[in-house]
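These are the residues of each chain, in order.
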Amino acid sequence: MAVLDTPRILLIYTGGTIGMERDYTSGALRAFDFNNLLQQIPELRQVDCAIHSVAFAQPIDSSNMDLPHWKQLARLIGEHYDNFDGFVVLHGSDTMSYTASALSFMLENLAKPVILTGSQLPIGDLRTDAKENLITSIQLAALRENGLPLVREVCLYFEYKLYRGNRTTKVNTEHFEAFESPNYPALAVSGVHLKVRRELLWNPARKGVLKVHTSMDNRIGVLKLFPGMHPDWAATLLRNPGIKGMVLETFGAGNAPTASWLLEELRAAVGRGMHIVNVTQCIGGSVLMGQYETSSSLKDIPLIDGRDITSEAALAKLMYLLGAGVAQGSFKTIFETSLRGEMS
Ligand code: ASP
């Protein structure tokens, strides 16, 4: 029987609460030295893998995440891809779902785990959730089956659950259970046993070598509908010539007011080449264009059907497809195709 070598995990620290420790004299939070990780978290010695760490030169609060950081992350993973079996990205929770979504598109043909995690309390706090999140993420990233990584997608691990990253959304500012994946079940649950639901893992029919896409076009926006919206507001966003893609956050199963001014604005914007995706404002469930009269006209315009995609993933997908220069004629069809398991 072949003896497997120890899995090698690369830990990438981008910033956020997880990497903070409290100075008990002043009470202030300061960055944790990730190069001394093993010394500071002795529990990690029990995890059967070799951990290497690298940190952003300037760790950031995730509210400051921007395209250059996503590119840096994607490149880092690409550069170290052959030397590691899995990647754990430590990230502030505020924008973690956006980064997870973006990375899922930027890393095409990913065949190793990239697990984003963070915490609500700093790693040094007595009641911290950081240690469990970090330790289990590393364990999950090191899982192998028949010598190959078990998880082969971008995930988010938080409070005992592993999720497909591009299905998640942050739902709570203070609960340890800060994330949900409303339209796709958790891929793994950590209890007394680490239960991985293999049948839910991403396993595309078409496989190939990793391709790192760093061209993301951010000439996009979000238009959230609300009762009483002034026509000028919709016009400001939809008539902006610099904006190429829009996530239209609609009511319920993809419904919008039938007011002619709104439908005309949308139709004209699509006519000018803007890609408009219908995504529901609801936390869970799917857009069903045509189910109600209030969505039939949206279907006829035609808007792109976002089905059960999250706004976070829709934004990332727009940036990715625009960055890839997808032709106008095939954009809608490609957007409506699940590329990384981001929609049902
Ligand atoms: N504001 C912090 C951040 O997202 C919160 C956290 O670390 O979870 O970076």
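Source: prediction; values computed, not measured.

Calculation criteria
Residues numbered from 1 in each chain as written. Predicted model: local features only at pLDDT ≥ 70, side-chain atom pairs only at ≥ 80, totals over all residues. Heavy atoms only, no water. Buried < 20%, exposed > 50% of the residue type's maximum accessible area, 1.4 Å probe, protein only. Helix = DSSP H or I, 4+ residues; strand = E, 2+ residues; numbered from the N terminus. Pairing = 2+ DSSP bridges. Right-handed = clockwise from strand over helix to strand, strands pointing away.

**Some remarks on the pairing of strand β19 (residues 275–280)**
- Judged by how many residues are buried, β19 sits mostly within the fold: 6 of 6 residues are covered.
- Going residue by residue along β19, you find H275, V277 and V279 tucked away on one face and I276, N278 and T280 tucked away on the opposite face as well.
- With 6 bridges connecting them, strand β18 (residues 245–250) and β19 associate as parallel partners. By the bridge assignment, L248 is partnered in β19 with N278.
- Note on the crossover from β18 through helix α6 (residues 260–271) to β19: the handedness is right-handed.

**Description of unusual backbone geometry**
- In the segment running from I301 into P302, the intervening peptide bond is cis, with an omega of 0 degrees.
- You will see that N146, though not glycine, has its phi angle at about 50 degrees, which is positive.
- Position of N146 relative to the elements: it lies in the loop between β8 (144–145) and β9 (148–149).
- Assessed through its relative accessible area of 77%, N146 is described here as exposed.
- A positive phi is found at Y160, a non-glycine position, where the angle reads about 75 degrees.
- Positionally, Y160 belongs in the loop between β10 (154–158) and β11 (161–164).

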